[in-house]
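One letter stands for each residue in the lines below.
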Amino acid sequence: MSATTRPAPPLAVGQSTATGSVENPNPRSPGGGTEPVARRVLVVSADIGGGHDATGRALAERVHALWPGSQVGWVDTLDVMGRGVGRSFRRTYRTNVGATPWLYEFFWASIWRHRWFATSSKWFTGAWAGRRLAPVIEAFDPDLIVSSYPLGSAGLAWLRRRRGLGVPVGAWVCDFAPHPSWVYSELDLDLVVHPAALPVAAIAAPGVSLGVCAPPVLDRFHPGDRAEAARRCGLDPDRATVVVACGSYGFGHVEEAIRALVGIGDAVQVVAVCGRNERLVARLATLRPPPGRLLVRRWVDDMPTLLRAAQLVVTNAGGATALEAWATGTPIVMYRPIAAHGVANAALMTAAGLAETARSPGALVACVRSRLVGRHPTGPIAPAAHPHLPDLGLPAVADARLPTGDTRPDHPPAIGRPASWPLRSQDAFFWHVQSETVAQQIGAVLDLGPRPDGGALTRADLIALLARRLPAIATLRRRLVERGRWRRPGWVVDRYVDPAAHLDEVTVAPGDDGSAAVDRFWSQPLADDRPLWRLLLVGGLPDGRTRVAIKLHHCVGDGMSLIGTLGRLLDPADGRPSDTERTAPASPERVPADAPERSGLGSRLGRTARGLARLASQGPAPATAFNRPAGSPHRRLITAALPAAEVLAAARACQVHASELMLALTAAALGAAAPEGTPPRLRAMFAVSQNPRWRAPTQGNWTGAVTLDLPLGRSSAQARVTAVRQSLRTALLSGEAEAAGLVMRAMGVLPAPLHAALARRVYTSRHLNVIVSYMAVPWDSRMLADAPLQAAAPVVALAQGVPLGIGVLRFRDTVEIGVLMDESLAHTGAAFVDALRTSLAELRREVDAGRSDDASDDSGSSDRAPDGGPTGRRREGSAPPRVPRCA
């Protein structure tokens, strides 16, 4: 059961009213669905004390149990807030608690006593943390954010208020007693650990949505057999065990408590857990109690077993240690609680009947004697129980729904424009370059086989799949909104998206493969009054086959984002987790405070400078007959496939990367299919992704791009491959990709009209003739709503005056090619595909002929041809530089 301090229209799953609660019928599946949907969850915590990270680890553990295959990122708020901030905050905290508790108590009381002081301090820390958290959130692209640190929660509340942070956000109070700095009305749900804390939290932040969860601790903290636990810890199971643990810093009157406890007698064995406080270890070593009465330990890795072995835990803060003891079923005594939050926690826990408070050595001894001396339990003990939301309240947060236009008295409707998350300049670039005749749309066309029952994929199947997956894919719920004439547009993440409004269906007549319907689909721009994506289902194909076309606006993401989005809609055919859905690692992925790496700054600057010089010195692209502004938005899509084994074998023989080989084959095919009068070289834009580990796989344009000249003239196939390889590697090593990324980011500082004008000027046929993309996906067998994926042809966006875009995707045992062209070039499509296949065959013949000549001229013992050419074995030192994945 949870309680809410304000009435909510339709109840979210797991929320309660005054008379009862609505339980999730399937807590493993948000919304009561039939399958757990993998999520991207960002944990916002901080390394100060130990409780915040302990709560974060418990939430991460429960995420993986609820939604197998989820990816959990972790960010330390203090690290994000600036260099040295964490160290400074930790030092200040230790000083206040240990040396100047009166100052800490004064600050704590002032926030409670003066509403203006609480509001201003929360605003200041929220703006500071929020601005620094923004790029981390943007890079990780979570669909759920959980916070266990007050300053992190403040930053998230600021982002919700100022930038329309649209994904569900929950804050977990990992102290027993809430405080104004802990709870925020802007967040979807603030969770406390006991019903007694609800009125305190409601006073701390009027209008806040509250819930009660179980103590947020790891599952290993549970009741068990005390005697067995004592033996595992090396303790005497026939004696009473008292654990004194005062957090990772070992604050407070620890020595005083231990002196009193060891004086009780041999019936009690005291275990002092000092955490990281080496000074405390040294001081305890001087006590010299009777043998067997005191065991001093530093950091304890197996704290659950030690707590199960104890009859009593003595602590003084009421944070993680108290919650872990409570979950383990071990009675708690708060001894001389530390200032501020320690005193508040002790008072509330004592009032709730979950702890006793002792304020003097005599009171502590009396408490211990009354509980432990004499007979004591040796079997399992049950922890205190209370009504709470299941699964630490995670499903309730994930399923939070706040309908647009909420008009509750304490939540008035927004006046003016809604808060929105500004587009990154790289994403806004592709919004600005769109025109009435050139839509910036990327995507793929999927060929699907029949479902296991022999039937074809239906519209209802797709809608059901999307309804289950959309709540966990924020990318497909992003809607663009204007933010003023001079500012870049922004994103609003809609809480609900109707899948049916994004799905078209066409049933073709016998003999029709649906190509015309797909061409119409790619000729129509996306509606900008809803999230910028759309699907087309082509049915009526023979043998239960279907085709599904999916397109996203280029401002939503690049080719890698498209692949990531598809990966979250597709399922492994064998039921095993895919590469992006592995079982979680032991610890969540740490998201860097600064997304770009810091290492090699000098070399990166030098490479970027060389790239800028290359961009500045490039002349215009060759003038051609077909590079002219499009007269209409009508497009023609041609798809083809090449055997991946043949492509990879040819690439190995030529000692090139598969992307280099496909560029060379593309050049040969363009030369054969291009109109009369086409110059002997065309300038191609080739997008390359540096693929940083921290980037989101489903959102945003994170690629750079290089330009290279494709040789179209007559030459041998191997000579063309060599020329393309040299041209591409020169471009990659020149720093052009880094420089292009820098330029796109720099353009974003301009007012939106100037940014748009400059983007439209540079992204035209003045600087390029054709767009080429290469991607390889790690999928093996995949299914879309139980229909097996048989082929996937990529589709790239065009540019003004650039009527030809060629996408290449290596998938399983084929290399899929998608050629999107203006209708003025439609007559060349079939010729291009035929020339592509012919070029590969010619290259294979040349390679085979070269091997035959080498075999006849070589004695058979040489690893290397006399002229240094390829012999089928890669020469030492000849391995090509790693070509980044392309999009």
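Anything mentioned here points back to the structure above.
First, a word on scope: everything that follows refers to the structure included in this document. These numbers were taken from a predicted model, which means no experiment stands behind them.

## Some details on the sheet that holds strand 15 (residues 478–481)
- Taking strand neighbours across the sheet as the criterion, the three strands line up as 13-16-15 in an open arrangement whose pairing is antiparallel. In this open sheet, the two strands that pair with only one neighbour each are strand 13 (421–422) and strand 15.
- The pairing of strand 15 with strand 16 (residues 490–493) spans four bridges and is antiparallel. Within the sheet, the bridge partner assigned to R478 lies in strand 16 and is V493.

## Here we look at a nonpolar patch on the surface
- Side chains of V749, L750, L754, L758 and V762 sit close together on the surface and give an oily, nonpolar patch of about 400 Å² of accessible area.
- Mapped onto the elements of the fold, L754 is located in helix 25 (residues 752–762).
- Judged by relative accessible area, L754 falls into the partly exposed class, the value being 49%.

## Some points on the sheet that holds strand 17 (residues 503–507)
- Read from one edge of the open sheet, seven strands run 17-18-19-14-27-26-20, paired in mixed fashion. Edge positions in the sheet fall to strand 17 and strand 20 (571–572), since each of these pairs with one other strand and no more.
- Pairing geometry for strand 14 (residues 441–448) and strand 19 (residues 546–553), over eight bridges, is antiparallel. Residue pairing for strand 19: L448 is matched across the bridge by T546.

## Side note on the environment of S70
- Take S70: it is sitting in the loop between helix 1 (51–66) and strand 2 (71–76).
- When the C-alpha positions of S70 and V37 are compared, they lie 8.0 Å apart, and in sequence the two are 33 residues distant.
- Ignoring sequence-local partners within four residues, the contact set of S70 consists of V37, A38, R39, V63 and H64.
- Engagement of the side chain of S70 in a polar contact is seen with the backbone nitrogen of R39, the distance being 2.8 Å.
- Of note is the side chain of S70, whose polar atom sits 2.6 Å from the backbone oxygen of W67.

## Comments concerning the pattern of salt bridges
- For the structure shown, the criterion picks out 29 salt bridges.
- Two residues, D219 and R62, come together in a salt bridge whose shortest N-O distance is 2.7 Å. Taken together, the residues D219 in the loop between strand 6 (210–212) and helix 8 (226–232) and R62 in helix 1 connect sequence positions 157 residues apart.
- In this structure, R231 engages E228 in a salt bridge whose closest nitrogen and oxygen atoms are separated by 3.6 Å. Placement of the pair is R231 and E228 together in helix 8, with a separation of three residues, close to one helical turn.
- On the basis of relative accessibility, which here comes to 40%, the residue E228 falls in the partly exposed class.
- One network of salt bridges, with partners in common, ties together R39, D143 and R568.

## Observations concerning unusual backbone geometry
- Unlike most non-glycine residues, A340 shows phi in positive territory, near 65°.
- Here A340 shows up in the loop between strand 11 (332–335) and helix 13 (341–351).
- Here the phi dihedral of D786 falls at roughly 75°; this positive angle occurs in a residue that is not glycine.
- By secondary structure assignment, the location of D786 is in the loop between strand 26 (782–784) and strand 27 (787–795).

## Let's talk about helix 13
- When we look at burial in helix 13, the residues that qualify are H341, G342, N345, A346, L348 and M349.
- Against helix 3 (85–98), helix 4 (101–113), helix 7 (198–204), helix 12 (320–328), strand 11 and strand 12 (356–358) lie the buried residues of helix 13.

## Description of the pairing of strand 7 (residues 240–245)
- Buried residues dominate strand 7, accounting for six of its six residues.
- Residue alternation in strand 7 divides its side chains into two sets, A240, V242 and V244 and T241, V243 and A245, and both sets are buried.
- In this sheet, strand 8 (residues 268–273) lies alongside strand 7 in parallel orientation, the contact comprising six bridges. Bridged to V244 within strand 8 is A272.
- Handedness of the crossover is the feature at issue here: the chain leaves strand 7, passes through helix 9 (residues 254–262), returns alongside strand 8, and the resulting connection is right-handed.
- Alignment of strand 7 against strand 10 (residues 312–315), held across three bridges, turns out to be parallel. Across the sheet, the residue bridging to V242 is L312, located in strand 10.

## Some points on the pairing of strand 5 (residues 189–192)
- Covered by surrounding structure in strand 5 are L189 and L191 together with D190 and V192, the residues of both alternating faces.
- Pairing geometry for strand 4 (residues 169–172) and strand 5, over three bridges, is parallel. Within strand 5, the position partnered with W172 by the bridge is L191.
- Looking at chain direction, strand 5 and strand 6 are connected through three bridges and run parallel.

## Re the environment of G166
- Mapped onto the elements, G166 comes out in the loop between helix 6 (150–163) and strand 4.
- On the basis of relative accessible area, G166 is assigned to the buried category, the value being 9%.
- Distance from G166 to D494, taken between C-alpha atoms, is 6.9 Å for residues 328 residues apart in sequence.
- With near-sequence residues (within four places) excluded, G166 lies in contact with V493 and R495.

## Brief notes about the packing of helix 16 (residues 425–432) against helix 25
- Contact pair helix 16 / helix 25: the axes reach a minimum separation of 9 Å and the direction vectors enclose 70°. By the criterion of interaxial angle, the relationship of helix 16 to helix 25 is roughly perpendicular. Judged by the sense of rotation from one axis to the other, the crossing of helix 16 with helix 25 is right-handed. On the side of helix 16, the interface is formed by S425, A428, F429 and H432, while helix 25 contributes A752, H755, A756, A759, R760 and V762.
- Along the lines of polarity and charge, the residues of the contact of helix 16 with helix 25 split into six nonpolar, three polar and one charged.

## Considerations on the packing of helix 22 (residues 658–673) against helix 23 (residues 717–733)
- Across the interface, helix 22 lies against helix 23 with an axial gap of 9 Å and an inter-helix angle of 120°. Judged by the inter-axis angle, helix 22 sits oblique to helix 23. Crossing geometry of helix 22 relative to helix 23 is assigned as right-handed. Contact with helix 22, carried on its side by E660, L661, L663, A664, A667 and A668, involves R720, V721, V724, R725, L728 and R729 of helix 23 and no other residues of that element.
- Here the contact of helix 22 with helix 23 is composed, by residue class, of eight nonpolar, no polar and four charged.

## What about the side chain of H755?
- Looking at where H755 falls in the secondary structure, it is placed in helix 25.
- Its relative accessible area of 0% is what places H755 among the buried residues.
- Excluding anything up to four places from it in sequence, H755 contacts S425, A428, F429, H432, R488, M747, G748 and L750.

## A look at the packing of aromatic side chains
- In this structure the tally under the stated criterion is 14 aromatic pairs.
- Taking the centre distance of 5.5 Å and the plane angle of 80° together, the rings of F429 and Y763 count as edge-to-face. Here F429 is found in helix 16, whereas its partner Y763 is found in the loop between helix 25 and strand 25 (770–776), with 334 residues between them in sequence.
- Note on F429: relative accessible area 4%, which makes it buried.
- A residue is classified by how much of its surface remains accessible, and Y763, at 7% relative accessible area, is buried.
- Taking the centre distance of 5.5 Å and the plane angle of 80° together, the rings of F521 and W522 count as edge-to-face.

Here is what the cut-offs are and how they apply
- Residues numbered from 1 in each chain as written.
- Predicted model: local features only at pLDDT ≥ 70, side-chain atom pairs only at ≥ 80, totals over all residues.
- Heavy atoms only, no water.
- Pairing = 2+ DSSP bridges.
- Helix = DSSP H or I, 4+ residues; strand = E, 2+ residues; numbered from the N terminus.
- Patch = residues over 30% accessible without salt bridge, like charges linked within 9 Å, V, L, I, M, F, W, Y side chains within 5 Å.
- Areas by Shrake-Rupley, 256 points an atom, 1.4 Å probe, with all protein chains shown as cover.
- Salt bridge = Lys/Arg side-chain N within 4 Å of Asp/Glu carboxyl O.
- Buried < 20%, exposed > 50% of the residue type's maximum accessible area, 1.4 Å probe, protein only.
- Contact = heavy atoms within 4.5 Å.
- Polar contact = N/O pair within 3.5 Å; in protein donor to acceptor, adjacent residues only side chain to side chain.
- Right-handed = clockwise from strand over helix to strand, strands pointing away.
- Axes fitted to C-alpha atoms, helices over the stretch in contact; angles between N-to-C directions.
- Parallel < 35°, antiparallel > 145°, perpendicular 65-115°, else oblique.
- Left-handed = near helix turned anticlockwise from the far one by under 90°.
- Nonpolar A, V, L, I, M, F, W, Y, C, P; charged D, E, K, R; others polar.
- Phe/Tyr/Trp six-rings, centres within 6.5 Å; stacked < 30°, edge-to-face > 60°.

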